[in-house]
Amino acid sequence: MQNVSSASFKATCQPTRPSPRSGSKPVVLRLGEDIQFNHNYYNDVFAQRFDVVANKDRGRPPYIKALENKKQDEFRPHFQTGGEMGHFASAGPGTPTRSQQVARTYDPDEYLVMHLLLSTISWNPRGHVLGIIGLSHVSKKLAYKALTALGMEIHYHEVVRSAPEVEEELQATLHLTLHALMGASDCVTFRTPNIPTLVNAEAFATINTRVRLENTAQGQAINQEALIAALSSVKLSAAALDVHYHESRVSRTLAVI
């Protein structure tokens, strides 16, 4: 992997420069009908950062004409806002496994039901707490992106506390115990080395309702039976697992939850 300096890394995470044509903000072309969901975010955040040009004409010719006339300086599809575009694509946190299962039914009615459901079960990460277990070099890059690009709050648990300048840059809050971190987080990510099981039923009992969990570290960092129990309840809403307790065997119970 190519090494990137701190200055150049920060530069890549800065907001897009203002559009020369608009004078203050980049211009975004919005296709289709008016938005149907997330009105507060659209009005208070998105519309404040971009000049939104609405193109309500249906069909390809008006869209091509808008591109030729350069009605927008930067075209950024913004899905999950309703209208005709939403029937064909969606982006953002959701439930990929359930979506894939519905897609395999080849039933357009089932697909539409899932599409509408995604808007109700997805949430904007801005303002939520990302709890990082193990603040390694890679974890710091993750934390910086989550902070600057997604607007998340960074909390972490580590055996050795990070330097003050690191905590200041990441606006990170240290938790001295694993249970304290899990109890304060909306999403927990594991970045630990090869160590014995960290998370058991007692640890899951400390989390808030509908927390999301991600493990790309070690499969045995999480007790599998405790994970299944948490997913089966309202405690844990989703788990993204890059590793499993008994590699390379995957729990059949986890596969169908």
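Read on for an overview of the structure. Note that residues are indexed from 1 along each chain, following the sequence as it is written. With pLDDT at 70 or above as the cut-off, local features in this predicted model cover only qualifying residues; side-chain atom pairs require 80 or more to be listed or tallied, and sums for whole chains, interfaces and linings still use all residues. Each side-chain value is derived from all of the structure's non-hydrogen atoms; neither hydrogens nor water enter the calculation.

Moving on: the pairing of strand 7 (residues 211-215). Most of strand 7 sits inside the fold, with five of its five residues counted as buried. Any residue under 20% of the maximum accessible area for its type is buried, any over 50% is exposed, and the rest in between are partly exposed; the area is computed with a 1.4 Å probe on protein chains only. Where helices and strands are cited, they refer to DSSP runs of H or I of at least four residues and of E of at least two residues respectively, numbered from the N terminus. Residues Val 211, Leu 213 and Asn 215 point to one face of strand 7 and Arg 212 and Glu 214 to the other, with burial holding for every one of them. Two strands make a pair as long as DSSP finds a minimum of two bridges between them. Sheet analysis places strand 6 (residues 187-190) next to strand 7, joined by four bridges and oriented parallel. Directly across from Val 188, in strand 7, lies its bridge partner Leu 213.

Bringing empty space enclosed by the protein into the picture now. Space inside and on the surface of the protein is sampled on a 1 Å grid over the protein atoms alone, with a cavity defined as a set of points where a 1.4 Å probe fits but cannot get out and a pocket as an open set with protein on both sides within 12 Å along at least 5 of 7 lines; lining residues have an atom within 4 Å of a point. Grid points are joined across faces, edges and corners, and a volume is the space filled by probe spheres set on the points. Overall, the coordinates contain two cavities of 30 Å³ or more when judged by the stated rule. Quantified by volume, the second largest cavity comes out at close to 60 Å³. The wall of the second largest cavity is formed by Asn 215, Gly 219, Ile 222, Gln 224, Leu 227, Leu 241, Val 243, His 244, Tyr 245 and Leu 254. Residue classes in the lining of the second largest cavity are distributed as six nonpolar, four polar and no charged. Three classes are used, and their members are as follows: Ala, Val, Leu, Ile, Met, Phe, Trp, Tyr, Cys and Pro are nonpolar, Asp, Glu, Lys and Arg are charged, and the others, Gly among them, are polar.

Spatially, the six strands line up as an open sheet ordered 5-4-3-6-7-8, and their pairing is parallel. What marks the edges here is a single partner per strand, and that holds for strand 5 (172-174) and strand 8 (236-241). For this sheet, the mean inter-axis angle between neighbouring strands, taken without regard to orientation, is 20 degrees. Inter-axis angles, ranging from 0 to 180 degrees, are taken between N-to-C directions of lines fitted to C-alpha atoms, where helices are fitted over the stretch in contact.

A few words on the packing of aromatic side chains. Side-chain rings of Phe, Tyr and Trp, where Trp is taken by its six-membered ring, are said to pair if the distance between their centres is within 6.5 Å; with planes under 30 degrees apart they count as stacked, over 60 as edge-to-face, and otherwise as tilted. Scanning the model with the defined rule gives two aromatic pairs in all. A ring pair is formed by Tyr 42 and Phe 46, whose centres lie 5.9 Å apart and whose planes are at 25 degrees; its orientation type is stacked. One end of the pair is Tyr 42 and the other is Phe 46, both in helix 2 (residues 39-49) and four residues apart, which spans about a single turn. Each ring, one from Phe 46 and one from Phe 50, has its centre 5.0 Å from the other, and the planes form 40 degrees; the classification is tilted. Just as Phe 46 is buried, Phe 50 falls in that class too. In textbook terms, an aromatic cluster arises when at least three aromatic residues are bridged by ring pairs, as seen for Tyr 42, Phe 46 and Phe 50.

So, on to the nonpolar core. Definition of nonpolar core: a set of buried residues of the types Ala, Val, Leu, Ile, Met, Phe, Trp, Tyr and Cys, connected through side-chain atoms within 4.5 Å. Membership of the largest hydrophobic core comes to 22 residues, with the highest contact counts inside it found for Met 182, Phe 190, Val 199, Phe 204, Ile 222, Leu 227 and Leu 236. Listed by contribution, the elements that provide at least two residues to this core are helix 8 (178-184), strand 6, helix 9 (201-204), strand 7 and helix 10 (224-232). Top element by residues in this core is helix 10. It accounts for five residues. Two residues qualify as a contact provided that any one of their heavy atoms is within 4.5 Å of a heavy atom in the partner residue. Every residue in contact with Ile 222, bar those within four places of it in the chain, is listed here: Phe 190, Thr 197, Val 199, Phe 204, Leu 213, Asn 215, Leu 227 and Tyr 245.

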